[in-house]
Amino acid sequence: MKQKYQVLVIGGGHAGVEAAAAAASLGCTTVLVTPSTEKISLMSCNPAIGGIAKGTLVREIDGLGGVTAESADATALQFRMLNMKKGPAVWGPRVQSDVDMYTVKQIQQLRAAGVHIVEGLVRRLVGPNKRIKAVLLEDGREIKAQTFVLAAGTFLDGMLHRGQVTWPGGRRGDTSSVSLERDIRKRMFHVKRFKTGTSPRVLRNSIDTSILEEQISHDLQFRFSWASKQGVANTEKCWVTRTTGETEKLVKDSLTKSALYSGRIHGRGPRYCPSFEDKVTKFPERTGHPIHLEPMGKSSRIMYLNGLSTSMPEEIQEKIVRSLPGFSNAVIAAYGYTVEYTCFETGEFDHTLKLRETENLYVCGQILGTSGYEEAAATGLFAGACAARSALGLEQTIPDRLNSYLGVMVDDLVSIGTEEPYRLFSSRSENRLGLRQDNADRRVFEFAEKLGVLSEKKIAEYQKRDRKYRHMRKKLMETRIHGKTVESICRRPEITPEEAGGLIDLQTQSIDEREILRTAVLDIKYSGYVKRAEKRHSVRKRYGSASLESIKDYNLVETITIEAREALNERRPATLLEAESIPAVRQADLDGLALYLMKRSVSRET
Amino acid sequence: MEQQNDLIVAQATPDAVSAIAVVRLSGKGASAVVELLMKLKSGRLKGKKRAVGDFAGIDHIVAISWAVGKSYTGEEMVDLMCHGSPGTAGKIIGKLLEKGARQAQPGEFTRRAWINGRITEMDVLALSSQFSGGGRPGKDKDLSRELQELTSEIEGFIEFNEDHEISEEQKISDLLKRILQRTNDLAEKVKRAEILPKVFIMGPVNAGKSTLFNKLYGKETVVVSSTPGTTRDGATRILNVYGRRVEITDSAGYGGQRLDGKALTISEKSLGRGDRIVWMDPQCNDIPERIKQGYEVLRVCSMCDKKNTMEKTGWLSVSSVTGQGLQQIEEFISATEKEGSSWRLEKMVELLKKAIEAADSDVALAAEIVSEVLREAEEPVKNADAVERALERFCVGK
Ligand SMILES: Cc1cc2nc3c(=O)[nH]c(=O)nc-3n(C[C@H](O)[C@H](O)[C@H](O)COP(=O)(O)OP(=O)(O)OC[C@H]3O[C@@H](n4cnc5c(N)ncnc54)[C@H](O)[C@@H]3O)c2cc1C
Ligand SMILES: Nc1nc2c(ncn2[C@@H]2O[C@H](COP(=O)(O)OP(=O)(O)O)[C@@H](O)[C@H]2O)c(=O)[nH]1
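The residue numbers shown here count from 1 along each chain, following its written sequence. Chains and ligands are labelled by the order in which they are written, letters from A for the one and numbers from 1 for the other. Predicted model: local features are reported for residues with pLDDT of at least 70 only, side-chain atom pairs are reported and counted for 80 or more only, and whole-chain, interface and lining totals are derived from all residues. Excluded from the side-chain calculations are hydrogens and water; all other atoms, namely the structure's heavy atoms, are used.

**Section: the site of ligand 1**
All names here are of chain A. Going by this rule: Residues are labelled near a given molecule or strand when at least one of their non-hydrogen atoms is within 4 Å of it. Two N or O atoms form a polar contact when they lie within 3.5 Å of each other; inside protein one atom must be a possible hydrogen donor and the other a possible acceptor, and for residues adjacent in sequence the pair counts only when both atoms belong to side chains. The method behind every accessible area is Shrake-Rupley, applied with a 1.4 Å probe, and residues are considered shielded solely by the protein chains displayed. Every helix listed is a DSSP run of H or I at least four residues long, and every strand listed is a run of E at least two residues long, numbered separately from the N terminus. Gly counts as polar in this scheme, as do all residues outside two lists: the nonpolar Ala, Val, Leu, Ile, Met, Phe, Trp, Tyr, Cys and Pro, and the charged Asp, Glu, Lys and Arg.
For ligand 1, the set of nearby residues contains 35 residues, the closest of which are A15, V122, S177, Q366 and G372. Within the backbone of H14, one N or O atom sits 2.9 Å away from an oxygen atom of ligand 1. Within the side chain of S177, one N or O atom sits 2.7 Å away from a nitrogen atom of ligand 1. Computed on the free molecule, ligand 1 has an accessible area of 980 Å², of which 97% lies beneath the protein chains in the complex. For the shell around ligand 1, the secondary-structure elements that each account for two or more residues are helix 1 (14-25), strand 2 (30-34), strand 12 (191-198), strand 19 (337-344) and helix 9 (373-391). Among the elements that take part in the shell around ligand 1, strand 12 stands out by supplying three residues, more than any other. A breakdown of the residues in the shell around ligand 1 according to their chemical character gives 16 nonpolar, 17 polar and two charged.

So this is what it looks like as structure tokens:
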């Protein structure tokens, strides 16, 4: 091919699609290379978008001009707000999605963004590590580009496992990327093997749902994206069943037959999205694990069994499934399995998600060591934008931990690293009360503008919402009830945002406005905590400049724990920031070090 | 002030029916008193000894003695192990009181241990709530560990929505309450045990010392302590100034009508390293050499509201009538390097109460508050502000 693109994205999964759309939105000529268009953004695992922290991340993606939020809204079959009783900061919006429609919607958005889609499997990269020139496809075509984004998901030398059977594949029904993986290894990038598993799917009509607990949509008129016009319709039901003691016993008795437990898999799996084998081994006394029955699409014949990820042999999966109440006649449509794949070692990429060895190769999604569609999509968006900025010769900018889960995730992946597939949790943020789903667009706007990913239309829409927000804050401050401002009333813990909002007089109240008002009240409620988090954070940011080189023996530093002294003597970090990444060094130790340095600099002055 | 090593006694085991009860006696003359009441030869309980026999016709007991520097309190000390039947320990204590011992204040043994360098402040902090009247620093989990466990409970509850049952809410609230109880107990104990930074108000007669003292005291909204034993007499008060607990003494309270040698000596005797002085004098006369040399002094030119008052560089003009300069005095008082732990524990108690309130409807908020508590527990002498100040002094870019 003669044409040279500005940005070339390898892999049309959740990461690749956002990367391509972001690059295009910055005005780059962008091509997405993926084996088959019909599997773009395929949900390899459960048919759902969002969840605790993940749902908040999807709303950030919307604030950053991404496509996932709109597609999730357009293809939602059911909506639930998780954690409703646990506080607004940890509300987790989640939708059931129509898997096929999701792919259609994503392709439509890619086209609208002007992304060129090329069907093909990349065999290898062309050019030296320092500057990749092109990609070579299996069919011999070569495509040139200025910058590249690799988003190969679970496909790099993917191996699928079930019971004693192992076969190559990127996921069920797809071949794995073997030669590209070899090329990456040949280029001496450091890689590791991770694994993740999925649950069996069953035929809907083989289940007796009449005896199961029904789950229907929460009617909150929720949308992930401000651009989506209406709330999610309640067109599909889900059901919950619970494992019986028999289910656990079956698994316990057959552990040696599971691909996971027979020692066949060497990759590390996610602790937080555990296989059922893991659950039974780690909590042997527990029974009655909830299993959710979720449709793969509108009126789909196939239902996903959320919570029953397993790589047991087929005949045991049959027995396990039939041990569930309502499942005595269940027919499995697709068996569960585990995929083992190659991803990059921590340290290989920097805060712009560029491989350090190269000048123009960015990575995102599962190959960063993450797990989940939302994590993939968010890192994809950012990597795509960085690749585009590089192609355009623009300066890079990175998200702040304090303002977004994207910032938290990127920083965690680069600075802390992962020993197992990284899943986002609300507790990974030090500013959780500030990082809510309701204020996502407000938090990321400044960064989105810097990154250059927002269209003029989106900026104008945001500014309109922002004016409303400011107006409401003013009203909250100025309206007085019995001499007290509503703002001060908001701060009382027993006052809900709705109650506080009801105290000010606003003429019209559309759904959008109600939500903006909620955000305004919650911002007031938590402002003290957010300010303190900011303060701690700014102190921490300045650690970077404090040198520890003058400390020869940490045993003399009495303000830190003995454990930290030993670790510091051994590792000898150059700066406080480096010291922070040592596990034995706790926050209190860092403060202690800072105090020690201060005392010394004072005594030297005098 | 109570004497450092006068003879104190208390039951060291919980006040309940048990096989054995332990009565602890500490201070000068402890062995001699027990020797007398057990009809032992004089000197029999000198050093680390064990004696078995009748105790004043009350019970057949085992006595274990320790030498100075070797005991829990660091003083001469005897533990008397008697039968646990109700009343026995009480009778033994009664007998010892007759012989001149004094009932120990709660936590007084620990306080002595601390004063005598037997345990550190951190040990005191780590003492568990089972620790009453005596015993060794608790072996059980320290508070910050327990808080960390609470945190992971809460985080699990927040993140793994589907796998958690309703009853977990109850569990979290119970855990919070238990930790609150423990922190509260600890706060009380440490409050009794801690040595507070001291500030003395000194100066010539009629300089306005008592007026200032009353003014400071009257302004005080949270009177932190009237715990007997820490308040020495009418002229010493514990104030909570900007979150710091400080002991303030009006030196006139030591009986010195005039600033003669005696009054000064008495005050000076109570002064320790790091203690500070507010020196008041409307005349701004030179202050005694000994004081100038030894201590950090705030020079106050008092009654500045009056006509023809002096103004002198290095002297702070203050009026108890108009309030001028009072804030600077408070700042001086609170800017102490010495710092007890009880205020920190009290802060933790307040925060935990807030967390419990939030837990029902906003676990995320409760979690945030608990992490604040954890930061308090983990940073005994440092906080973000201190670091902030510290970092401001670094040469940036180094
Ligand atoms: C078996 C299984 C279990 C899972 N379990 C979980 C779970 O429990 N929890 C969870 O959160 N997530 C799970 N997921 C992970 C979830 O699917 C991923 O996190 C998400 O899809 C990652 O997105 P991605 O864009 O990085 O990669 P993918 O969605 O995997 O997309 C990669 C894309 O790259 C393409 N590609 C690969 N190699 C090439 C090449 N050489 N040339 C061109 N195109 C290429 C592929 O065809 C594919 O379209 C599971 C996935 C699988 C397969
Ligand atoms: N005008 C004025 N009078 C004061 C002030 N402080 C104290 N006095 C008066 O001075 C006298 C002596 O004060 P006192 O506190 O007893 O002095 P002390 O002997 O140093 O304790 C009393 O009559 C007070 O009312 C002040 O700031 N301004």
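**A closer look at the packing of aromatic side chains**
Residues and elements named next belong to chain A. Just so we agree on the cut-off: Two rings belonging to Phe, Tyr or Trp (six-membered ring only in the last case) form a pair when the distance between their centres is within 6.5 Å. Interplanar angles under 30 degrees mark stacking, angles over 60 mark edge-to-face geometry, and anything in between is tilted. Summary of the burial criterion: residues with accessible area below 20% of their type's maximum are buried, those above 50% are exposed, and those between are partly exposed, where the area comes from a 1.4 Å probe applied to protein chains only. Criterion for a charge above a ring: Arg CZ or Lys NZ at most 6 Å from the ring centre, at most 35 degrees from the ring normal.
Applying the stated criterion across every chain yields a total of five aromatic pairs over all chains. Relative to F224, the ring of F222 lies with its centre 5.0 Å away and its plane at 85°, an arrangement referred to as edge-to-face. Given a relative accessible area of 0%, F224 falls into the buried group. Its end group placed over the ring of Y469, R442 keeps NZ or CZ at 3.4 Å from the ring centre. If you follow R532 out to its NZ or CZ, it ends over the ring of Y529, 5.1 Å from the centre.

**With respect to the sheet that holds strand 4 (residues 76-82) of chain A**
Residue and element names in this part refer to chain A. Applied cut-off: Two strands qualify as a pair provided DSSP detects at least 2 bridges between them. Here an axis means a line fitted to C-alpha atoms, over the contact stretch when the element is a helix, while the angle between two N-to-C directions is reported on a 0 to 180 degree scale.
The strand order 3-5-4 describes an open sheet built from three strands, whose pairing is antiparallel. Of all strands in the sheet, those bounded by a partner on one side alone are strand 3 (48-50) and strand 4. Geometrically, the sheet is characterised by an average inter-axis angle of 20° between neighbouring strands, direction not taken into account. Here three bridges tie strand 3 to strand 5 (residues 92-97), and the two strands are oriented antiparallel to one another.

**What about the sheet that holds strand 12 of chain A?**
All names here are of chain A. Put simply, the rule is: Should any heavy atoms of two residues lie within 4.5 Å, those residues are counted as being in contact.
Across the sheet, which stays open at both edges, the four strands sit in the order 11-10-19-12 with antiparallel pairing between neighbours. With one partner strand each, in any of the chains shown, strand 11 (165-168) and strand 12 form the two edges of the open sheet. Averaged over all pairs of adjacent strands, the angle between their axes in this sheet comes to 25°, without regard to strand direction. Pairing analysis gives eight bridges linking strand 12 to strand 19, with the strands arranged antiparallel. Opposite K195, over in strand 19, you have E340 as the bridge partner. Those strands touched by helix 5 (residues 178-186) are strand 12 and strand 19, and its axis lies near 150° from that of strand 12.

**Overview of the site of ligand 2**
All names here are of chain B. Taken together, 14 residues sit near ligand 2, with N206, S210, T211, D305 and S320 positioned nearest. A distance of 2.8 Å is found between an oxygen atom of ligand 2 and a backbone nitrogen or oxygen belonging to K209. With respect to ligand 2, the side chain of D305 contributes an N or O atom lying 2.8 Å from a nitrogen atom. When ligand 2 sits alone it has 580 Å² of accessible area, and the protein chains cover 70% of it.

**A word on the packing of helix 1 of chain A against helix 4 (residues 99-113) of chain A**
Residue and element names in this part refer to chain A. Threshold: Each angle receives one of four descriptions, namely roughly parallel if under 35 degrees, roughly antiparallel if over 145, roughly perpendicular if within 65 to 115, and oblique otherwise. The hand of a helix crossing depends on one turn: near helix anticlockwise from the far one by less than a right angle means left-handed, and clockwise means right-handed.
Taken N-terminus to C-terminus, the directions of helix 1 and helix 4 make an angle of 20°; their axes are 9 Å apart at the nearest point. Looking at the two axes, helix 1 sits roughly parallel to helix 4. Classified by chirality, the crossing of helix 4 by helix 1 is left-handed. Contacts between helix 1 and helix 4 pair H14, V17, A20, A21 and A24 from the former with Y102, Q106, L110 and A113 from the latter. Across the contact of helix 1 with helix 4, the residue classes tally to seven nonpolar, two polar and no charged.

**Description of the pairing of strand 5 of chain A**
Residues and elements named next belong to chain A. A large share of strand 5 lies buried, amounting to six of its six residues. Residues G92, R94 and Q96 line one face of strand 5 and the alternating positions P93, V95 and S97 line the opposite face, and both faces are buried. Relative to strand 5, strand 4 runs antiparallel, the two being bridged by six bridges. Considered in strand 5, the bridge of R80 is made with R94.

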